Amino acid sequence: MGYFYIFLTVLLTVYGQIAIKWQVDLAGSLPGELHGKINFLINLLLSPWIISAFVAAFLASICWMAAMTKF
């Protein structure tokens, strides 16, 4: 079961990183002014893909803790 937890950790981490990279690439470059930067980051953080990436990272950390109890 420990190796399954490690596999899930890797899978969830890779998914989260790819989802974030994809969404940031779609969003474009960071605006120059402070107000634009704040709006840019808020829009990214409210994206369902970014939220799912954060959930995946949280689940990956739980799987990693579970894996460490097995080894």
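Residues numbered from 1 in each chain as written. Predicted model: local features only at pLDDT ≥ 70, side-chain atom pairs only at ≥ 80, totals over all residues. Heavy atoms only, no water.

Undergrad: Help me understand the overall build of the chain in this model?
TA: Secondary structure summary: the chain contains three helices and zero strands in total. Written out in order from the N terminus, the α and β elements of the chain read α-α-α. Taken against the 2.2 N^0.38 rule, which gives 11 Å for 71 residues, the C-alpha radius of gyration of the chain at 16 Å runs more than 25% over that of a compact globule. When its C-alpha atoms are laid out on the principal axes, the chain stretches across 50 × 15 × 15 Å. Of the contacts formed within the chain by residues at least 6 apart in sequence, a portion of 73% connects residues at least 24 apart. Looking at the chain as shown, the accessible area adds up to about 5,100 Å², and 77% of this sits on carbon and sulfur atoms. (Helix = DSSP H or I, 4+ residues; strand = E, 2+ residues; numbered from the N terminus. Rg over C-alpha atoms; globule rule 2.2 N^0.38 Å. Contact = heavy atoms within 4.5 Å. Areas by Shrake-Rupley, 256 points an atom, 1.4 Å probe, with all protein chains shown as cover.)

Undergrad: Just to check I follow, could you spell out the side chain of Thr9 for this structure?
TA: Structurally, the position occupied by Thr9 is in helix 1 (residues 2–27). Of the residues examined, Thr9 reaches a relative accessible area of 10% and is grouped as buried. In this structure the side chain of Thr9 is engaged in a polar contact, spanning 3.5 Å, whose partner is the backbone oxygen of Ala60. (Buried < 20%, exposed > 50% of the residue type's maximum accessible area, 1.4 Å probe, protein only. Polar contact = N/O pair within 3.5 Å; in protein donor to acceptor, adjacent residues only side chain to side chain.)

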